[in-house]
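Fold and geometry: a report
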Amino acid sequence: MGEHVIKLPDVGEGVAEAELVEWHVKVGDLVREDTVLAAVMTDKATVEIPSPVDGEILWLGAEIGDTVAIGSPIVRLKVAGEGNVKAAAEAVPEAKAPAQPAEANPVPAPAAPKPAPEPPKTTTAAPKAARPASVSGAQRAEGEKPLASPAVRLRAKEAGIDLRQVPGSGPAGRISHEDIDAFVARGPQVARATGLARKDGVEDIKVVGLRRKIAEKMSLAKSRIPHITYVEEIDVTALEELRATLNKEKRADRPKLTLLPFLMRAMVKAIGEQPNLNALFDDEAGIIHQHEGIHIGIAAQTPNGLVVPVVKHAEARDLWDSAVEVNRLADAAKAGTASREELSGSTITITSLGAMGGVATTPVINYPEVAIVGVNKIMVRPVWDGTQFIPRKMMNLSSSFDHRVIDGWDAAVFVQRIKALLETPALIFVD
C-alpha cells in the first residue's frame with residue numbers, strides 16, 4: 001500500500017489561490033477515480049476537484065472558508081501500489097504504550113465497594129398532595145391545582161405568571177411570595193398548554209464562498225461610492241398589452257418575452273444619449289472608463305447567492321435576441337455552470353426581484369460601475385386622467401448612481417428618458 005497526495009490544481013489563468021467552499025468527502029471515505037472531492041471558488045466561478053485515483057481518504061488539508069494556494073496539498077489517500085509519495089506510516093512503526101514493569105509482589109486491586117443496602121420501605125405512602133414541587137420548575141400534572149394564598153394568586157395574575165409552572169416550597173407544595181420571586185429571577189417560563197418554549201441557542205455560521213464575496217463587494221461599493229437613488233413611477237399598461245400580444249403571436253422558435261428585454265432596449269437608447277452612464281470609475285487612478293459597448297449585468301438570485309451574469313453588447317441585440325440571452329444566462333447561473341467570462345465585464349446593471357419587487361428599493365451599485373437600474377413590482381393603481389380615476393398598471397424604477405460621476409440632473413434625465421420609452425413602447429422600435 002502507498003499514499004497519493006492531491007494538490008490544488010490550476011483552476012484558471014492568472015489565479016494564484018482559491019477558497020475552499022465545500023468538502024464532498026471525509027476522512028475514512030473510500031473514493032473512486034473521478035469522485036468529486038471538493039469545490040473551490042475563485043472570483044465567482046466554482047470549480048470541482050475530482051480524485052485521479054481510487055483510495056481511502058487519510059487526511060484533508062484545509063477547512064471550509066480557507067484560502068488555498070495553487071499547488072498546495074489538499075488531500076492524502078491510501079492507495080494500492082506505491083502511490084506518489086512514501087507513506088509516513090510505513091516509515092515509522094506504530095507507537096505503543098510503554099510496558100509497565102512487573103512488581104515482585106503484586107498487590108491485588110481493591111474490590112469495588114458493595115452498594116449500601118436500600119432503606120426499608122415504609123408501609124404507609126405519603127399523600128399525593130404532600131409531594132414537594134420540583135425545584136426545576138417542572139409542570140404539575142394536568143388538572144392538579146397549585147396551592148397558593150389569594151394574595152399570591154393575585155400577584156401571579158397581575159404579573160402574567162402561570163402558577164402551574166412555579167415550584168412551591170411550602171407545606172404540601174404551597175407557593176409563597178418567595179417562590180414567585182425565585183421564579184421571576186430564573187427568567188420567563190411558558191406554560192406547556194401554549195406549546196411555546198423559550199429558546200436561547202445561538203448558531204455560528206461561517207461566511208464563506210459566494211456569500212463572502214458578495215459581502216466583500218457590497219461593503220466595497222457602499223464604502224467607496226456615494227450613492228444617490230432616484231425613484232420614478234411608470235405607467236406600463238401599454239407595454240404590458242404589447243408584451244401580451246407579442247407573446248401570443250410569437251414564433252415557436254422564440255422565447256416568451258418578459259419586461260427585461262424591453263427595459264434593456266430602452267436603456268440602450270437612453271445610454272446613446274448619455275454615454276457617461278455606461279462607464280466604470282477607477283477611483284484610485286482618477287479615471288472614468290466610458291465604454292462604447294453596452295454590457296448589461298442582470299442581477300440574479302441563485303441557490304448559492306446573488307450573481308450577475310452579463311448580456312454582452314446589448315446595443316447589437318434586438319428584443320428577441322436579448323430575451324434569448326437573458327434566459328440562457330439565467331439558466332446557467334442557477335445551475336452554477338456560468339463561466340467567469342459570463343459573470344464579468346458589465347458596464348451597467350439591472351436588478352429585479354420580479355413579483356416580489358416591492359414598492360421602492362435602494363439598489364447598491366455594482367462596483368466599479370456608476371449606475372444600476374432597479375425594477376419594482378407592477379401593481380394596478382387608480383390614476384387620475386383629468387376627469388376620473390381609471391385602473392392602470394404602474395411600476396416604479398428605483399435607480400442608484402455614483403454621485404461622484406453622475407449629477408442628480410443627469411440621473412433624472414436618464415430615468416425620464418427610460419420612462420418615456422416604456423410608457424410609449426412603439427418608440428423602442430424607432431431608430
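This report concerns the structure included in the present document. What you see is a predicted model; the values in this text were computed from it and never measured. (Residues numbered from 1 in each chain as written. Predicted model: local features only at pLDDT ≥ 70, side-chain atom pairs only at ≥ 80, totals over all residues. Heavy atoms only, no water.)

Things to note about the overall build of the protein
Helix and strand content of the protein: 8 helices and 17 strands. Counting over 431 residues, the protein shows a buried share of 37%. When the accessible surface of the protein is split by element, carbon and sulfur atoms take 56% of a total near 25700 Å². (Helix = DSSP H or I, 4+ residues; strand = E, 2+ residues; numbered from the N terminus. Buried < 20%, exposed > 50% of the residue type's maximum accessible area, 1.4 Å probe, protein only. Areas by Shrake-Rupley, 256 points an atom, 1.4 Å probe, with all protein chains shown as cover.)

Focus on the environment of S169
Its place among the elements puts S169 in the loop between α2 (150-159) and α3 (177-185). Put simply, S169 and D179 are 10 residues apart on the chain and 6.8 Å apart in space, counted from C-alpha to C-alpha. If we skip the residues at most four places from it in the chain, S169 touches R174, S176 and D179. Polar contacts involving the side chain of S169 include one to the side chain of D179, which spans 2.8 Å. (Contact = heavy atoms within 4.5 Å. Polar contact = N/O pair within 3.5 Å; in protein donor to acceptor, adjacent residues only side chain to side chain.)

Overview of the side chain of K419
Mapping K419 onto the fold places it in helix α8 (residues 408-423). Residue classification places K419 among the buried residues on the basis of a relative accessible area of 17%. Discounting chain neighbours no more than four positions away, the residues touching K419 are E232, E233 and I234.

Side note on helix α4 (residues 209-224)
Over its 16 residues, α4 runs 23 Å from end to end, which matches the ideal 22 Å to within 8%, given 1.5 Å per residue. Close packing links the buried residues of α4 with β2 (17-23), β4 (36-42), β9 (227-235) and β13 (305-307). (Expected span 1.5 Å × (residues − 1).)

Section: the pairing of β4
A large share of β4 lies buried, amounting to 6 of its 7 residues. In terms of strand pairing, β2 meets β4 through 4 bridges, oriented antiparallel. Bridge pairing in β4 links L20 to V40. In the sheet, β4 pairs with strand β5 (residues 45-50) via 6 bridges, with the strands oriented antiparallel. If you follow V36 over to β5, its bridge partner there is P50. (Pairing = 2+ DSSP bridges.)

Concerning the layout of surface pockets
As a volume, the largest pocket reaches approximately 1000 Å³. Taken together, 45 residues form the lining of the largest pocket, with A299, T351, S352, L353 and G354 sitting closest to its centre. At the level of secondary structure, the elements contributing two or more residues to the lining of the largest pocket comprise α4, α5 (237-248), α6 (259-273), β12 (296-302), α7 (319-335), β15 (348-352) and β16 (371-384). For the lining of the largest pocket, the leading source of residues is α7, giving 7 residues. Here the lining of the largest pocket is composed, by residue class, of 26 nonpolar, 11 polar and 8 charged. (1 Å grid on protein atoms, 1.4 Å probe; cavity = no way out; pocket = protein on both sides within 12 Å on 5 of 7 lines; lining within 4 Å. Points joined across faces, edges and corners; volume = space filled by probe spheres on them. Nonpolar A, V, L, I, M, F, W, Y, C, P; charged D, E, K, R; others polar.)

Considerations on empty space enclosed by the protein
Space left empty within the atom packing is revealed by a probe, the size of a water molecule, rolled over the atoms. Summed over all chains, the structure comprises 1 cavity of 30 Å³ or more. Size it by volume and the largest cavity reaches roughly 40 Å³. In this structure, the largest cavity is lined by L8, L20, W23, V40, A62, V68 and I74.

A closer look at the sheet that holds strand β8 (residues 73-79)
Here 4 strands make up an open sheet; going across it, the order is β1-β8-β6-β3 and the pairing antiparallel. The two strands at the open ends of the sheet, each matched to only one other strand, are β1 (2-7) and β3 (30-31). Bridge count between strand β6 (residues 55-60) and β8: 4 bridges; the pairing is antiparallel. Note on β8: the bridge partner recorded for L60 is V75.

Brief notes about the environment of H4
With respect to the helices, strands and loops of the structure, H4 is situated in strand β1. Residue H4 is classed as buried on the basis of its relative accessible area, which comes to 15%. The spacing of H4 and I57 is 53 residues in sequence and 9.7 Å in space, taken between C-alpha atoms.

Some words on the packing of aromatic side chains
All told, the structure shown has 2 aromatic pairs when counted by the stated rule. Ring centres of F401 and F414 lie 6.2 Å apart, and the angle between their planes is 90 degrees; this geometry places the pair in the edge-to-face category. One end of the pair, F401, is in strand β17 (residues 389-402); the other, F414, is in helix α8, and 13 residues separate them in sequence. When its relative accessible area of 0% is taken as the criterion, F401 is described as buried. (Phe/Tyr/Trp six-rings, centres within 6.5 Å; stacked < 30°, edge-to-face > 60°.)

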